[in-house]
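Secondary and tertiary structure notes
Letter by letter, the chains look like this.
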Amino acid sequence: MTLKLQLIKELRVPIDAGCICPDTFAGKSLNEIAELQIWEGNRKRLLNSLFELKEDSQETPDETNIHLTGNLSRVQRIGAGMKGGEITVQGDVGMHLGEKMLGGTIMVEGNAGSWTGSAMKGGTIIVKKNAGDYIGGAYRGSTKGMQGGTIIIHGDAGTEVGCYMRNGLIKIQGNVAQFVGIRMRNGTIVVQGSAAERAGAFMTGGKIIICNNVTSILPSFSIDSIKSKAKAEGEAIKGPFYLFIGDLADHGNGKLYVSKNKNEYLKSFEEFL
Amino acid sequence: MGGLLVKNGFVYDPLNNINGEKMDIAVLDGKIVEKTRNAKVIDASGMVVMPGGVDIHSHIAGSKVNSGRLLRPEDHYKDVEARTAKTRSGVGYSIPSTFTTGYRYSRLGWTTVMEPAMPPLKAKHTHEELNDTPMIDKGAFPLLGSNWFVLEHLRAKEYEECAAYVAWMMRATKGYAIKIVNPGGLEAWGFGRNVRDIDDPVPNFDITPREIVQGLCKVNQLLNLPHTIHVHTNNLGKPGNYITTLETMKCVENLATEVNPAIHLTHCQFSAFAGNNWRTFRSASEEISEYVNSHSHVTLDIGQIIFTNTTTMTADGPFQFILYQITGNKWVNNDVETETSSGIVPFRYKRKSYVHAIQWTVGLELALKIKDPWKTFLTTDHPNAGPFMAYPKIIAWLMSQKARDAVISKISRKARHKASLPSIDREFTLHEIAVVTRAGQAKALGLKNKGHLGIGADADIAIYNLNPEKTNLAKEPAMIRQAFKNAAYTIKDGEIVVKNGEVVKSVNGKTYWADLKASQSLLEIEPELQKVFEEYYTVKYENYLVPNHYLSIGAPIQIQTKV
Amino acid sequence: MPVIDNVTCPVCGTLCDDLSVTVKENAIIDVKNACAVSEAKFMSFSNPKHRNLRPLIRKNGKLIESTFEEAVEKSAQILVDASYPILYGWSCTSCEAIRVGLELAEEVGGITDNTSTVCHGPSILSIQNLGIPTCTLGQIRHRADLIIYWASDPYSAHPRHMERYTAFSDGRFQESEWEHFVTRLRGILGRRRLNRASELVLMKEASLPVFSGQKLPPKFETRKRKVIVVDVRKTHSAEFADFFLQVEPNKDFELFQALRLLVRDGELEVNQVAGVPVDLLEEVADALVGCDFGALFFGVGLTMSSGKLQNIDAAIALTQDLNLRTKFVIMPMRGHFNVAGANVVYTWQTGYPFALDFSQNYPRYNPGETSVVDILSHDKADAGLIVASDPVSNFPRSAVENLVKNPLIVIDPVISPTTMVADVVFPSAFVGIEVDGTAYRMDRVPLPMKKLVDPPSLCHSDEEILRRILHQVKRIKQQRRKL
């Protein structure tokens, strides 16, 4: 089944649309789906009061696919907990996209909000433009960030990418703000662009690869070696890279790869090799 | 208020020697009466009728509990309560918000709960939270085992002066009983140290934990307090600590009277560890129960472990620090000047962990090996060993070997082989359950109108949809759990507040406190106290006191002391 | 003339409770033991020029006088009609009022947030990450031999903090360092100029040389009380310190992590961190490990500079690390007198300390999403109620614009930029002066606030005003259900 949802209302207050999820739609008739409940601020609404729903009879895959169109930047929790199927979004999308997802694919043509893929365990999220803060992060107070799956951001991402990450892969093709890979325990983060300060703060394991400039290295990291390439989930990324180990303030053994050619100011560390 | 007639239930009222007889209970104006006319009738036929549950030890309100709430958003967001026309919203799991705490206790059929660790300096906080905890009557125990005034009086063997101070403290903080946590150890923790055992002197104070326990026990008797001293032992949570526990019980042996016990050991499971280290760790339930079976001056509650993710929080700062080091989890420590400390660490008890599994057996072994149910009470030291919402599970374990075996088959293999629990075939009757969950606890607390259904008692009643005539309960643990999880009715002060596990009416309970009447000369300690007060505290004497209006429904229990 | 003793001061989180206030004919004519900030409040609060004295409602673009009932009705209508109202402020009122405010927020399905969202919110998030080893202030007074103020200037923001709880207080195991300080002044200034100098110090204009440099002074070898001030610039508090450590702006995080490494006997591969030479840093680390009881106080300089909550994470982690070696505590220097109380009441009723969203009928919490500044910046709210706070002066511009364009209700004793743009204004009474109640000190010790004088006739307590609005909201909702 393939469903097309077109946003028909200009939104002011946040929408909690956790029901927009292939697993919730699966096995329901169009009418049943239209009457699923969402929250518009503190008002309970039916899905069809905000969206025009159409079933695309041309496409009849086994899985449930959902195509969303409109400015969904205030619509939150789309695809939360999804196990399979596909969601595509033509436009921007709000916070908590694919939160706790287990499988399937989400593809966003526009920008995504903060907490995209937080605590996810499987599946793939692709964002064609920029994403907000805490990509692949954890809920407040929890130490369970992303535990599996893949997030690919074609543009830039905000602060704390991969906070408390335990496994999986995050790829940012643009730049990242401060604290990339903070508190990560395992998994891999690749930043094609540059990273602001404090990459890998408090990290105890895992791998961060920064292919361009990094503003500074924390004093609690120690240089280990110079590597000609870095590996990210089987893919080799050409270096050379300085490899730092940290965060030693937390007895960490995380690996921080930083492009050698783009960060000449780090040459002073070579004397410790 | 109209009358109520609970008809035809199987009534379990151990304090009045009623053991499952089919009878009616009449209620008028919030009290149990002989009979009522034109009363609303509750048909309890085929159901169990008991006094409302009583909890002698459950951390539900105050500074430490609230720090635990603040610490754990990840604990809350999985378990939420939406508002209804009758109830406020809240969050649950291991440290429920105040309203939710009240509703949930009420849904289990519990009607009286004691907050066992109130730092006196923050007593107003505890009472403000208790005011926002609906559905239940409550009380709070001020922490006195490392209080400077107490230590100094007891060092000088000034028992009467100490009694006067404690009487003042009960009035000042609207407290109910003397709570002692790791006696002396919390003062040592002020500089990051601890006491090693019951005879290790407290640094800077030249007094031993033994002298503190004995002294406060004497003070407790001088004051005629309704409850005994309520003791969390030294060395709690350490392998081999059962020796300290035995010593603690023994040290007040000669202070016991014929009528009343002298000491209550709380969450005894945590104090009944044998072995030299975590590897040789084993249960000391045998040693503890043997002593308790042959002595009459001790009551205890078990502090039963539940295999779940919970939040440990005690006034025992040094113990919580050890837990922090063991787990690497987040850790709150909060020391209170002149009085006490506290610590909080999230904790997960795992079936497959040898130590945790043994801890699980220790609690049940204590309950099952101690012959007299009036000496041992059901608690989880909420939320330390598990949330109070697990009581139905524990009741099923106590009543059904089948229920125990189901868990035993899933725990760590080493624990299964070492524990004595699998060989115990005792199964509690409903009568015994009524003792360990209400009658015995009310008696130990000295709450005369609680824990029974005799004429004049408070009309706090729990009705459970369970038919002991029709079913062999020991074979149907799921039925036990289901019935105790959602009371068919909970009646509080004569009003139906819960029906089929749903709150149908929100009511506010009373807060009990010990209003001690001492002789005039002892009451005159105030000027003396005021003089040193400012050297000891950073608040003014006047601002330390908890005025009556801080209790939304205060229930002072007037007590004539012996001094 | 009646003198009221043991009055708790309704200004900052230090919550001094030893003030003596003289009242004559319902006016405060003298206040003793108060700091300059407190005295200013007590002596000027009643100035009618600054007070809201009547309920106001905006009609045709102008705020005009109304009755209390009309203002209540209008407020209730605004809140019932809103789909995502914010209820903000709460740190300058009593816990009793906050309790009612939470019930109101729940009833209208709103978002409620207190001012910690713009001061120590990051500190709370850090506590949720790591916990916190802390204590009440008396522990520090009795025991601390090392006191650190980091990015905090108690001299200006919490004037009596050092005198009551730290360096210059007398405890059971530690003595006041006042004499030592005076001796040091003598050394610096010479005997003849001493009187003049201490006068100047107390007058605040004076500027004294501070102890800083490449080495810790010899006092750090003793068991006496030592004070270190760490800041980006030389503050007044630094003048009272035994050592001033200057850190490059926005580099606190690096400094903390470096200290953590040194405390664990690790080695640094750089010569300086955040502008501090590693040799000096090693001495500081030794001082941290070597004390009997250390206390670290930090201010909003840390929570609101680059790194925000991670600065606090690092500070708490350092303190926790230090507890493996000695006794160490850490405490945020809370600003408003009852901001700690707001967190406390929020937490006991809902499980969460600030940034609460009741829109789905149960409390939800996710700062960054449900925090008021974020909601306003993204223009997601559609009405507002502000209690005893002035967000128009404090919030970022975009947030203010979005706040102002919605219907806005303000409850405040004083005229502020926020009341001037409101649609409904309730004049209220000052907590701790005109009404009583409870407040929580920065270490969460509850203290009673006193009523000293009667409020102006049309000024009610926040609690009363909120109760009336709540009552009216319930009535309107009931009527609508019937229709």
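Note that the coordinates shown come from a computational prediction; the quantities given were computed from them, not determined experimentally.

What follows concerns the overall build of chain C. When its secondary structure is counted, chain C shows 20 helices and 22 strands. Taking 483 residues into account, the globule formula puts the C-alpha radius of gyration at 23 Å, and chain C, at 24 Å, falls close to it. Once the C-alpha set of chain C is aligned to its principal axes, its extents read approximately 80 × 55 × 35 Å. Per-residue burial for chain C yields a buried fraction of 66% across its 483 residues. At a minimum sequence separation of 6, the contacts of chain C that also span at least 24 residues come to 69%. In chain C, 54 positive and 58 negative side-chain charges are present, and the distance between their average locations comes to 3 Å.

Turning our attention to the sheet that holds strand β1 (residues 3–7) of chain C. All names here are of chain C. Sheet architecture is open: three strands sit in the order β1-β2-β3, paired in antiparallel fashion. The open sheet terminates on both sides in strands that have one partner only, identified here as β1 and β3 (27–32). The sheet shows a mean angle of 25° between the axes of neighbouring strands, direction not considered. Where β1 and strand β2 (residues 19–24) come together, three bridges link them in antiparallel fashion. Residue pairing in the sheet places V7 in a bridge with L19 of β2. Set on the sheet, helix α1 (residues 36–44) makes contact with β1, β2 and β3; between it and β3 the angle comes to about 165°.

Turning our eyes to something else, we now look at the interface of chain B and chain C. Each partner contributes to the interface: chain B provides 60 residues, whereas chain C provides 64 residues. Between chain B and chain C, roughly 5200 Å² of surface is buried when both sides are summed, and carbon and sulfur atoms account for 51% of that area. In this assembly, chain B and chain C are joined by 10 salt bridges. Of the charged contacts, one joins E103 of chain C and R88 of chain B as a salt bridge, the two residues approaching to 3.7 Å between their closest N and O atoms. Here chain B and chain C share 42 residue pairs in polar contact (both at pLDDT 80 or more) between them. Among the elements that line the side of chain B that touches chain C, the one with the most residues is helix α1 (residues 63–71) of chain B, at six residues. By the bridge criterion, three bridges tie strand β18 (residues 332–335) of chain B to strand β8 (residues 133–135) of chain C in an arrangement that is parallel.

This paragraph deals with the nonpolar core. By size, the foremost hydrophobic cluster in this structure holds 178 residues, and its most contacted members are I20 and L47 of chain A together with W150 of chain C. Looking at this core, you find at least three residues from each of domain 1 (50–119 + 337–435 + 454–482) and domain 2 (121–332) of chain C. Residues L121, W189, M249 and F307 of chain B belong to the second largest nonpolar core, which totals 152 residues.

Let us now look at a positive patch on the surface. All names here are of chain B. Side chains of R351, K352, K393, K410, R413, R481 and K485 sit close together on the surface and give a patch of like positive charge. Mapped onto the fold, K393 is located in helix α13 (residues 391–399). Owing to a relative accessible area of 37%, K393 belongs among the partly exposed residues under this scheme.

Attention shifts here to the interface of chain B and chain A. Accessible area lost on assembly of the parts is the figure often given for the size of an interface. At the interface, four residues of chain B touch five residues of chain A. Summed over both sides, the interface between chain B and chain A buries roughly 420 Å², with carbon and sulfur atoms accounting for 63% of that surface. Interface area lost by chain B to chain A is led by P73, E74 and Y77 of chain B, which between them contribute 85%. Across the chain B-chain A interface, the total number found is zero salt bridges. The interface formed by chain B and chain A holds two residue pairs in polar contact (both at pLDDT 80 or more) in total.

Cut-offs applied
Residues take numbers from 1 onward in each chain, read along the sequence in its written order. For this description, chains carry letters from A and ligands carry numbers from 1, given in the order in which they are written. Only residues with pLDDT of 70 or above have their local features reported here, since the model is predicted, and side-chain atom pairs are shown and tallied only from 80 upward, although totals for entire chains, interfaces and linings are computed over all residues. As a rule here, side-chain values come from all non-hydrogen atoms in the structure, and water together with hydrogens is ignored. In this description a helix means any DSSP run of H or I spanning at least four residues, a strand means any run of E spanning at least two, and both kinds are numbered starting from the N terminus. Put simply, the radius of gyration uses C-alpha atoms, and a globule should come to 2.2 Å times the residue count raised to 0.38. Whether a residue is buried, partly exposed or exposed follows from its accessible area with a 1.4 Å probe, protein chains only, as a fraction of its type maximum: under 20%, in between, or over 50%, in that order. Any two residues whose heavy atoms approach within 4.5 Å are treated as being in contact. His residues and chain termini do not enter the charge count, which takes Lys and Arg as positive and Asp and Glu as negative. Working definition for charges: the position is that of NZ of Lys, CZ of Arg, CG of Asp or CD of Glu. For two strands to count as paired, DSSP must find a minimum of two bridges between them. Axis definition: a line fitted to C-alpha atoms, limited for helices to the stretch in contact. Angles are taken between N-to-C directions and run from 0 to 180 degrees. As a working definition, buried area equals the accessible area (1.4 Å probe) given up by two parts on being put together, with both sides summed. Salt bridge criterion: a side-chain nitrogen from Lys or Arg within 4 Å of a carboxyl oxygen from Asp or Glu. Polar contacts here mean pairs of N or O atoms no more than 3.5 Å apart (in protein, one a potential hydrogen donor and the other a potential acceptor; neighbouring residues in sequence count only if both atoms are side-chain atoms). The nonpolar core is taken to be a set of buried Ala, Val, Leu, Ile, Met, Phe, Trp, Tyr and Cys residues, with the residues joined through side-chain atoms within 4.5 Å. Each domain span listed reflects an automatic or database assignment of domains. Patches here: salt-bridge-free residues with over 30% relative accessible area, like charges joined within 9 Å, nonpolar side chains (Val, Leu, Ile, Met, Phe, Trp, Tyr) joined within 5 Å. The method behind every accessible area is Shrake-Rupley, applied with a 1.4 Å probe, and residues are considered shielded solely by the protein chains displayed.

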